[in-house]
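# Fold and geometry: a report
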Amino acid sequence: MEHQYTNDLINETSPYLLQHAHNPVNWNAWNENTLAKAKDENKLMLISVGYSACHWCHVMEHESFEDTLVAQVMNANFINIKIDREERPDVDQVYMNAVQLMTGSGGWPLNAIALPDGRPVWGGTYFKKDQWIDALEQISKLYVENPEKLYEYADKLEQGIKSLDVVERNTDDPVFEKPYIEEAIKNWSKQFDTNLGGMNRAPKFMMPNNYHFLLRYAYQNNDKALMEFVNLTLTKMAYGGVFDQIGGGFSRYAVDTKWHVPHFEKMLYDNGQLVSLYADAYLITKNKLYKDIVTETLAYIKHDMTTKNGAFYSAFDADSNTPEGELEEGAFYVWNKEDIKTHIGDDFKLFSDYYNINSYGLWEHGNYVLIRKDDDASIIKKHQITQAVLDQKKSSWKKTLLKVRNQRAKPRLDDKTLTSWNAIMLKGYVDAYRVFGDANYLTSAEKNAAFIINNQLREDGGLYHNYKNGKGSINGYLEDYALTIDAFIALYENTLNEKWINASRDLANYIFDYFFDEQSSMFYFTSNSDASLVSRSIDYRDNVIPASNSIMAKNLFKLSHYFDNEHYSNTAMAMLNNVKPEMQAYPSGYSNWFDLMLNYVQPYYEVAIVGANAKQKIVELNKTYIPNKLIAGSISENNMPLLENRYNPEETLIYVCVNKACKLPVSEVTKAIKLLKE
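If you're wondering where the values come from, they're calculated on a predicted model, not measured in any experiment. (Residues numbered from 1 in each chain as written. Predicted model: local features only at pLDDT ≥ 70, side-chain atom pairs only at ≥ 80, totals over all residues. Heavy atoms only, no water.)

## A word on the state of the cysteines
Counted according to the given criterion, the structure contains 2 disulfides. With its sulfur 2.1 Å from that of its partner, Cys54 forms a disulfide with Cys57. Taking the sign of the torsion about the S-S bond as the criterion, the disulfide between Cys54 and Cys57, at about 85°, is right-handed. Linked covalently through their sulfurs, Cys657 and Cys662 form a disulfide whose S-S length is 2.1 Å. With the S-S bond torsion at 100°, the cross-link from Cys657 to Cys662 turns out right-handed. Counting only the cysteines that form disulfides, in the order they appear in the protein chain, gives the pairing 1-2, 3-4. (Disulfide = S-S within 2.5 Å.)

## Things to note about the packing of aromatic side chains
A full pass over the atoms with the stated rule returns 46 aromatic pairs. Ring geometry for Trp30 against Tyr95: centres 6.2 Å apart, planes inclined by 65°, an arrangement best described as edge-to-face. Residue Trp30 is found in the loop between strand 1 (27-28) and helix 2 (32-41), and its partner Tyr95 is found in helix 5 (residues 89-103); the two are separated by 65 residues along the sequence. For the residue pair Trp30 and Tyr95, the accessibility class agrees, reading buried in each case. Members of the aromatic cluster, each reached through a chain of ring pairs, are Tyr180, Trp188, Phe192, Tyr211, Phe213, Tyr217, Phe229 and Phe594. For Arg85, the ring lying beneath its charged end belongs to Tyr51, and the centroid distance is 5.8 Å. The ring of Tyr655 has Arg646 sitting right over it, with the charged end atom 4.4 Å from the ring centre. (Phe/Tyr/Trp six-rings, centres within 6.5 Å; stacked < 30°, edge-to-face > 60°. Helix = DSSP H or I, 4+ residues; strand = E, 2+ residues; numbered from the N terminus. Buried < 20%, exposed > 50% of the residue type's maximum accessible area, 1.4 Å probe, protein only. Lys NZ or Arg CZ within 6 Å of the ring centre and 35° of its normal.)

## Considerations on the side chain of Arg434
You can see Arg434 is positioned in helix 17 (residues 419-436). A residue is classified by how much of its surface remains accessible, and Arg434, at 18% relative accessible area, is buried. Among the polar contacts listed, one links the side chain of Arg434 to the side chain of Asp431, at a separation of 3.1 Å. Filtering out sequence-adjacent residues up to four positions away, Arg434 remains in contact with Asp280, Leu283, Asn494 and Asn622. (Polar contact = N/O pair within 3.5 Å; in protein donor to acceptor, adjacent residues only side chain to side chain. Contact = heavy atoms within 4.5 Å.)

## What about the environment of Ser52?
Take Ser52: it is sitting in the loop between strand 2 (44-50) and helix 3 (55-65). Residues Ser52 and Ser14, 38 residues apart in the sequence, show an inter-C-alpha distance of 8.8 Å. Excluding its chain neighbours within four sequence positions, the residues that come into contact with Ser52 are Tyr16, Gln19, His58, Asp317 and Asp414. There is a polar contact of 2.8 Å between the side chain of Ser52 and the side chain of Asp414.

## So, the pattern of salt bridges
Enumeration according to the criterion identifies 36 salt bridges in this entry. Residue Glu158 pairs with Arg119 through a salt bridge whose shortest N-O separation is 3.1 Å. Residue Glu158 is located in helix 7 (residues 147-164), and its partner Arg119 is located in the loop between strand 4 (110-114) and strand 5 (120-124); the two are separated by 39 residues in the primary sequence. Residue class for Arg119 comes out buried when judged on its relative accessible area of 12%. For Asp317, the salt bridge goes to Arg412, with nearest N and O atoms at 3.4 Å. In this pair, Asp317 sits in the loop between strand 10 (315-316) and strand 11 (319-321) while Arg412 sits in the loop between helix 16 (387-405) and strand 15 (413-414), placing the two residues 95 residues apart along the sequence. Taking the relative accessible area as the measure of exposure, Arg412 reaches 38% and is therefore partly exposed. Among the charged side chains, a salt-bridge network with shared partners connects Asp117, Arg119, Asp155, Glu158 and Lys162. (Salt bridge = Lys/Arg side-chain N within 4 Å of Asp/Glu carboxyl O.)

## Things to note about the sheet that holds strand 8 (residues 262-263)
Taken in spatial order, the 3 strands line up as 6-7-8 in an open sheet, and their pairing is antiparallel. Across the chains shown, the open sheet's two edge strands, defined by having one partner strand only, are strand 6 (204-205) and strand 8. Pairing of strand 6 with strand 7 (residues 253-254), which is carried by 2 bridges, proceeds in the antiparallel orientation. When the bridges of strand 7 are listed, Lys204 appears paired with Ala254. (Pairing = 2+ DSSP bridges.)

## What about helix 11 (residues 268-285)?
The end-to-end C-alpha distance of helix 11, which contains 18 residues, comes to 26 Å, matching closely the 26 Å that a straight helix rising 1.5 Å per residue would cover. Immediately beyond the C-terminal end of helix 11, within one or two residues, lies Lys286, with a positive phi of roughly 55°. (Expected span 1.5 Å × (residues − 1).)

Written out as structure tokens, the structure is:
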């Protein structure tokens, strides 16, 4: 196909950037040459940030960036830069902070105008074509006629941006107590939707880490009401259209309160974290629904998001083409009644009851998003069938509809691989293996870990952030290290392969050299070897993905036990103490920090299992939910601090230790579990 226009993005690997390579706008990628060009030509920079699965990014592209009149204005007055936020979260964060300071809110598409030195002076999110042209013309005029005004504003805004992610060292003694956490949960619970799960508002995001923490807290403190709320939320999410009832896997969020209509894009990071969450919830409840969710999600990941070398793709778009060729949100996933009648046949009444082909499941334009309302037991009773018959029918329906659906135009795939998101999915596979014992899950986890070590780990000990077309690129961010360490520790605990715990320690030492801020005892998001941006941020508020600093603090807490390392231990404690003053006011933004705090508030156990049968005993131990422990183990002599001088060729012994004091070793797992629950 001949293209009328081609710009510099044609040389990029990001699918999102390549989507814009034939816009009439002279787009450039964010790199040293582009930044130098802006300075040399003394031109304003127009920085536009989005990602492949972002619906409104595509809308703005179609309305404005594909328009030759808009392109003329942009090309004449600006150095235009397109950024994939998933490739460059560091750049995104700087301009997102700026836009939030200027307008009070943010989102994607994110559009900002900056001086030739990169400092922002104006910004917003989505703009209609006329608004966009108008704004660009006004700012261009101001830059020509009164540039000092923009420089003055940039100075003020720069101070604001720099103050946003500053973390002061908390010099108070670290005091972590249970009433502090209780109070936070009490305030938080005022926002709970006790009818439909989640928070009492729309849209509804899954926020896996919030529920992971609440699940743990409820379990450890026997808080029945809280446990009920977490289970309600997990059930409603599993029943909702936010979970793909036919193909498995979760969309990013629901636009309504009943988890019905998703924003249809599917992201790797949501699915990895939700697999971990549902696996742990299953361990406590033995709820078959939770096991089904894990099974179906991992089947989806394996089929649609895994590469031949064991890496994982990033995302699927929300939009796809209708039969008429129109790009439409959710077109791939929705059903009309006639279609279902045709393909389901005699089972239509049962199917309609199960997946609500009625007013409850209706979305718009006669389209239905499949959603469950009743549990299996109610359906079985109403239709007088057995669980076995229902399971068989569900399996048959899914196969039939999946076949039909796969003939439709598929949503676009973002086929880049990100180290941080791969580590999340790797951890999901490890957790699924730990809980369900399926060896295939461990195989997938080990294959992905090997991919990271072989392709993303550089000779200097650092990680790449991105992988595409057979090679790693972009220097890793703190999130890449933190999430990889977290996944590797989990892999070690389940395999006892020391390669993974040693790799975790080496990566931790690397980030102390390149990311650590001595003044605050926190870690910067970017390496000190990266080109500097307007500000160097410290990512510490938990979001859909927990903050890289909270993940790192938990990693250091664990690694300090494994390697008896006081520096790790002191850093983890200082980091938690630094954020403590903010945690109570907005607990959902600090759930991973609260999870770490529980390690200090309640006993935290080191479980060392040494002897020929160590691996079998770990499998047995993992059948019980014990979130306040780490596992070390060996099948032979080992000089790791927790294992030294503990090997006995005659029997496999389990040592349970807390605060550097160990109980007498036991050989039965049941006895060890008793010691862990004392």
